[in-house]
Amino acid sequence: MFTTANKTAPYASPAVFLHWTLAILITGMIGLGWYMMSIEEDPGSAWYFNLHKSIGLIIALLVLLRLVWRLGHKPTSLPASTQPWEVTASAASHFVLYASMIAMPIFGIMGSLLSKKDFLFFGLPLPRVFEANHGFAEIFFTAHSITTWVLVGLISLHTLAALKHLVINKDAVFQRMWFSKS
């Protein structure tokens with residue numbers, strides 16, 4: 001849970017690095033996912049699907065690393081001027097963000113493992129651990145798609161809240177997760 005304090009300390013460098021790396025990768029993957037769905041039946045589209053799966057596995061690993069880091073490092077305190085509802089909203093939205101970042105790759109990986117197509121990691125086939133089942137694969141791919149929309153909403157809310165703190169509140173909340181310590 002986030003707490004409030006008079007002084008706002010910056011996040012540690014690994015947290016900042018993972019935050020911004022994941023922000024860029026997840027945003028790019030959402031765009032790539034929407035694009036590849038628009039060309040799903042086109043010749044050569046398999047390359048985009050394999051790229052999406054490969055980058056998705058890297059993101060899943062980074063999310064796991066971020067979660068391990070987060071569990072071992074308490075978030076920095078919010079400024080004392082932060083309203084109680086903002087503290088609650090921040091904690092709740094971060095919880096759902098983490099849950100979505102964990103669920104999304106699990107759904108995608110499960111869908112891929114249940115698909116009839118090979119699951120390739122940058123061209124290298126991964127072992128098939130399940131027998132192909134189109135019905136179950138589609139259930140997981142649908143959950144993957146729904147989680148995308150949840151993430152888009154949460155990322156939008158998160159970005160708007162960060163900009164509010166940067167531009168309106170000017171309370172250094174945004175700077176906690178920026179690259180400089182000033």
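Quick caveat, the model's predicted, so the values are computed rather than measured.

In a regular helix each residue adds 1.5 Å, so 28 residues correspond to 40 Å; helix H2 (residues 45–72) covers 41 Å between its end C-alpha atoms and thus fits that length. For H2, every residue scored as buried is listed here: Ser 45, Phe 49, His 52, Lys 53, Ser 54, Gly 56, Leu 57, Ile 59, Leu 62, Val 63 and Arg 66. Considering only its buried residues, H2 is in contact with helix H1 (13–38), helix H3 (84–114), strand S3 (120–121) and helix H4 (134–169).

Core analysis: the biggest nonpolar cluster contains 15 residues, and Leu 22, Ile 26, Ile 59, Val 63, Met 101 and Leu 151 have the highest contact counts within it. For this core, the elements supplying multiple residues, two or more each, are H1, H2, H3 and H4. Of all the elements, H1 adds the most residues to this core, at 6 residues. Once residues lying within four places of it in the same chain are set aside, the contact partners of Met 101 are Ile 26, Val 63 and Leu 151.

This part takes up the confidence of the model for the protein. Taken over all residues, the pLDDT of the protein has a mean of 91, while the share at 70 or more is 95%. Below a pLDDT of 50 lies the segment residues 1–6, which in the model reaches 24 contacts outside its immediate sequence neighbourhood of four places, other chains included.

This next bit is on the packing of aromatic side chains. Applying the stated rule across the entire model yields 10 aromatic pairs. With 4.9 Å between their ring centres and 75 degrees between their planes, Phe 121 and Phe 122 make a pair best called edge-to-face. You can call Phe 121 partly exposed: its relative accessible area is 28%. Given the relative accessible area of 48%, Phe 122 is considered partly exposed. Each member of the aromatic cluster is reached from another via a ring pair, and the members are Trp 20, Phe 174, Trp 178 and Phe 179.

Definitions and limits used
- Residues numbered from 1 in each chain as written.
- Predicted model: local features only at pLDDT ≥ 70, side-chain atom pairs only at ≥ 80, totals over all residues.
- Heavy atoms only, no water.
- Helix = DSSP H or I, 4+ residues; strand = E, 2+ residues; numbered from the N terminus.
- Expected span 1.5 Å × (residues − 1).
- Buried < 20%, exposed > 50% of the residue type's maximum accessible area, 1.4 Å probe, protein only.
- Contact = heavy atoms within 4.5 Å.
- Core = buried A, V, L, I, M, F, W, Y, C linked by side-chain atoms within 4.5 Å.
- pLDDT = per-residue confidence, 0-100.
- Phe/Tyr/Trp six-rings, centres within 6.5 Å; stacked < 30°, edge-to-face > 60°.

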